Structure formats: structure tokens, C-alpha cells
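# Report on the structure
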Amino acid sequence: MATLLRIDASAQLEDRSLTRKLTGIFTEEFLKAAPDTEIIVRDVGYEPIPAIDHRFIHAAFTPPHARERWMRERLALSDRLVDEVEEADIIVMGAPMYNYGLPTALKGWIDHVARIGRTFSFDPSRGDFPIEPILSGKKLVVLSSRGEFGFEAGGQRGHMNALDPAIAACAHYFGVDARTIETVAIEYQEFKDDRHYRSVEAAKRKTREIALRLGSSWPVSGSLVPDTPVIPSAHEALERTAFSSSRHFPVNPDSEARRR
Ligand SMILES: Cc1cc2nc3c(=O)[nH]c(=O)nc-3n(C[C@H](O)[C@H](O)[C@H](O)COP(=O)(O)O)c2cc1C
């Protein structure tokens, strides 16, 4: 049985968010192919993750056996988020582009999931690369939407794309080999013209295809990703971005993680 972690990060609710429609379509199609899948829903757009602060960092860098009660309390949400990532075989991430990068809520999720001793280890004796990921073997599908266009490598706004490279750079914290990330992105949302509607339709189609392929290949898909994650260059991350499109799909707005 597969476990699918669905993350939504749009500040808009289901009737207005294109990325929520895509994550909804993905989940529905995946379930058609693999009906016994467990779904964990984490909606950081509806219930944003608080920013990390000095207390969080102090608590995270204190060894577990030495943590005071306030430290354990400060890390409780982070622990829950890491538990969800640990449980997941596949992560589907709705990632709207805000100000050319990640929505604050999604960045907050990453900040809480990147945890020393849980998702990475740090050892200065490793020289120039002291960080090693702890999790591995997970698959990440990024479903994005952008108001403008041309954010692919070599595109007219490729140099402004701070979203896809940021996700790829942090993928090892989620146990994902960045080379295996599959990305679908709606474009032209702000133009609301034919290019946008074509982009929406293409993204929906591509999202269904990916979900069906992954769902059908499960559990074989669990072995698709190599054990040793690598951090790709921003250029490589951009090159993997497939630009396509979406449309309306209802989704329960509860933001605490929900299980099917
Ligand atoms: C606060 C905010 C910032 C945005 N910044 C950008 C941007 O920098 N570049 C861009 O192409 N679109 C930008 N957009 C447009 C969104 O990427 C677009 O509306 C997308 O569909 C949002 O995802 P959602 O529909 O799931 O909410 C922005 C939208 C909002 C609300």
C-alpha cells in the first residue's frame, strides 16, 4: 500500500486556486489506479506554518535527551510534519509562484521539515559537504501555477524562477532525489487568455498522466528513485520543469493533516 502526502500551499481556497485543482486531480487519479492508498493532507495555505525563530532553532539543535519541555512543545509541529514525510512514499506538492519564489507557507513547511537528526545529519568531518540526508526513496511531484510565463530554462523569465530551484535544492530533506522530481506548471494565469486556458488543459492532462503512471506502477514505483539523493543545479532543476496547465476541483479546506 502506498502513502501519498498531499501538500497544498495556495493562500486561495479551493474555488480560486489552480494548484489545489491540480493536487485534487492528482489525488483522485492516483486513487483510481491504487485504491488502497493512504492519503495524508497537509494544507499549509489554509493553516500556515509559523516562521521558525530563535526558540525553534535552539530546541532543534539541543539533543533530544536534553530537551526541556518548552523545547519539545516548540518542536511538536515540526515533529508531526517530519512524521508525515517519513510515512509518505509519494509527495504531491501544490506550489504557487509568489513573488517569483515559494509561498511563505511552503517555505515554512520546508523550514520545519529540515531537521537535524531527523531529516539530515551534520558532520564537519565530511569536509565541504557536512550535510547528509537521512530519508531516501521518495517521489516528489510539484504542481505549480504562475501568473506570467517563460520560467523554463532559457525562457524569457528563466533567470527569475526562484521556485523550482529552491524546491530541488531542498528535496533531499524530504527523501527525494531531485533528479526524479516531476513538475507541471500552469502559466499565463494573469493574462486569462487562450494561452492560459490551453496551459490549464495541458496541465490537467499531464497531472492525470503522471498520477496514473505512478499509481499503476505502485509498488514498483517505490524503487524508481536511487538511494542517494543529489542536489541539482538551478539549471538542471529548471530543465526538468514541464510547463503545462488546470481547472476547478473541490478540496476539503481542513488544514490539519487528514487521513483517508
Ligand atoms: C501574492 C501573489 C504573488 C504572485 N507573484 C507572482 C510572481 O511573482 N510571478 C508570477 O508569474 N505570478 C505570480 N502570482 C500569480 C500566481 O502565481 C498565480 O495566481 C497562481 O495561479 C497562484 O496559484 P493558485 O492559483 O494555486 O493560488 C502571484 C500571485 C499572488 C497572489
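Residues numbered from 1 in each chain as written. Predicted model: local features only at pLDDT ≥ 70, side-chain atom pairs only at ≥ 80, totals over all residues.

Taking an unreviewed UniProt entry as the reference, the protein chain is identified by name as FMN dependent NADH:quinone oxidoreductase belonging to Vineibacter terrae. In its Subunit (unreviewed entry) section, UniProt records this for the protein chain: "Homodimer." We quote the UniProt Sequence similarities (unreviewed entry) comment for the protein chain here in full: "Belongs to the azoreductase type 1 family." (UniProt positions renumbered as here; feature names shortened; annotations may be inferred.)

For the protein chain, the helix and strand inventory stands at eight helices and nine strands. With 260 residues in all, the protein chain has 45% of them scored as buried. Across the protein chain, the fraction of contacts at a sequence separation of at least 24, relative to all contacts at a separation of at least 6, is 82%. (Helix = DSSP H or I, 4+ residues; strand = E, 2+ residues; numbered from the N terminus. Buried ≥ 20, exposed ≤ 12 C-beta atoms within 10 Å, placed from the backbone. Contact = placed C-beta atoms within 7 Å.)

Successive side chains on a regular strand alternate, one facing one side of the sheet and the next facing the other. With four of five residues buried, strand S7 (residues 182–186) is to be regarded as a mostly interior element. Sheet topology places strand S6 (residues 139–145) next to S7; five bridges connect them, and they run parallel. Bridge pairing in S7 places Val141 opposite Glu182. Traced from S6 through helix H6 (residues 164–170) to S7, the parallel crossover comes out right-handed. (Pairing = 2+ DSSP bridges. Right-handed = clockwise from strand over helix to strand, strands pointing away.)

Okay, the UniProt feature "binding site: FMN" (unreviewed entry) in the protein chain next. According to UniProt, the "binding site: FMN" (unreviewed entry) feature falls on Ser10. With respect to the element layout, Ser10 can be found in the loop between strand S1 (3–8) and helix H1 (18–33). Ignoring sequence-local partners within four residues, the contact set of Ser10 consists of Ser17, Thr19, Arg20, Gly45, Gly94 and Pro96.

Residue Asn99 is not a glycine yet carries a positive backbone phi of 45°. Secondary-structure assignment places Asn99 in the loop between strand S3 (90–96) and helix H5 (104–113). The exposure class of Asn99 is exposed, given the 10 C-beta atoms found within 10 Å. Not every positive phi belongs to a glycine, and Tyr188 is a case in point at roughly 65°.

Once that is clear, we can look at the site of the ligand. By nearness alone, 16 residues border the ligand, and Thr19, Pro96, Ser145, Gly147 and Glu148 come closest of all. Per-element tally for the shell around the ligand: the top contributor is H1, with three residues. Class assignment of the residues belonging to the shell around the ligand gives a composition of five nonpolar, eight polar and three charged. (Near = placed C-beta within 6 Å. Nonpolar A, V, L, I, M, F, W, Y, C, P; charged D, E, K, R; others polar.)

Right, let's get into the packing of helix H4 (residues 76–87) against H5. At a minimum axis distance of 8 Å, the contact between H4 and H5 shows a crossing angle of 90°. Considered as vectors, H4 and H5 are oriented roughly perpendicular to each other. Facing H4, whose interface residues are Leu77, Ser78, Leu81, Val82 and Val85, H5 presents Trp109, His112 and Val113. (Axes fitted to C-alpha atoms, helices over the stretch in contact; angles between N-to-C directions. Parallel < 35°, antiparallel > 145°, perpendicular 65-115°, else oblique.)

Moving on, we get to the environment of Gly101. Secondary-structure assignment places Gly101 in the loop between S3 and H5. Sequence separation of Gly101 and Ala166 is 65 residues, and the distance between their C-alpha atoms is 7.8 Å. When sequence neighbours within four positions are dropped, the list of residues in contact with Gly101 reads Ala162, Leu163 and Ala166.

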